[in-house]
Amino acid sequence: MHDRMPPVDSTVQRLRDLPRAELAEEIESIVLKKFRAVLLMDESEDLPLDISYFDLGLTSLRLTEIRQSLERLLDLSINVNVLFNEPTVAHLVDHLTRAVQDSSSQES
C-alpha cells in the first residue's frame, strides 16, 4: 500500500457520489483537518464548529491558505465573502457541502 493521496479528480468524484449526510461529514473532516493544522492544534483537540475562527486565532492570511487548499482539493471556487460573512467552520462546511452537491448536479 502507498500512503499517497489519491488524485484530486478521484477525491472530488468520490465526494460528489456521496449522499448529503456523508458528504457533509467528509467535508467537515477535511475542513477540521485544515483548520487544526493552521491553528497548530493536535488532532485530539476540540475545534468548536460554531465559534468564529477569527476568535480561535485564525488570521486572514492563514484563512486564504486554507481557502486555496480547499479550492484545489474540492475543485471549487470559494467566494471570499463566504469566509468572512459567516466565519464559522459549521457555515463553511454547509456552504462547501452545497457547492459540491451543486457541481455534481450540474454535471449530471
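Just so it is clear, the model here is predicted, and its values are computed rather than measured. (Residues numbered from 1 in each chain as written. Predicted model: local features only at pLDDT ≥ 70, side-chain atom pairs only at ≥ 80, totals over all residues. Heavy atoms only, no water.)

S.K.: Break down the packing of aromatic side chains for me, citing the residues and quoting the values.
M.R.: Considering all chains together, one arrives at three aromatic pairs under this definition. For the ring pair Phe35 and Tyr53, a centre distance of 5.0 Å and an interplane angle of 40° mean the geometry is tilted. Remark: Tyr53 occurs in the loop between helix H2 (20–38) and helix H3 (60–74) and Phe35 occurs in helix H2; sequence separation between them is 18 residues. Residue class for Phe35 comes out buried when judged on its relative accessible area of 0%. Relative to Phe54, the ring of Tyr53 has its centre 5.4 Å away and its plane inclined at 65°; by these criteria the two rings are edge-to-face. For Tyr53, a relative accessible area of 0% gives the class buried. Joined through ring pairs, the aromatic side chains of Phe35, Tyr53, Phe54 and Phe84 make up one cluster. (Phe/Tyr/Trp six-rings, centres within 6.5 Å; stacked < 30°, edge-to-face > 60°. Helix = DSSP H or I, 4+ residues; strand = E, 2+ residues; numbered from the N terminus. Buried < 20%, exposed > 50% of the residue type's maximum accessible area, 1.4 Å probe, protein only.)

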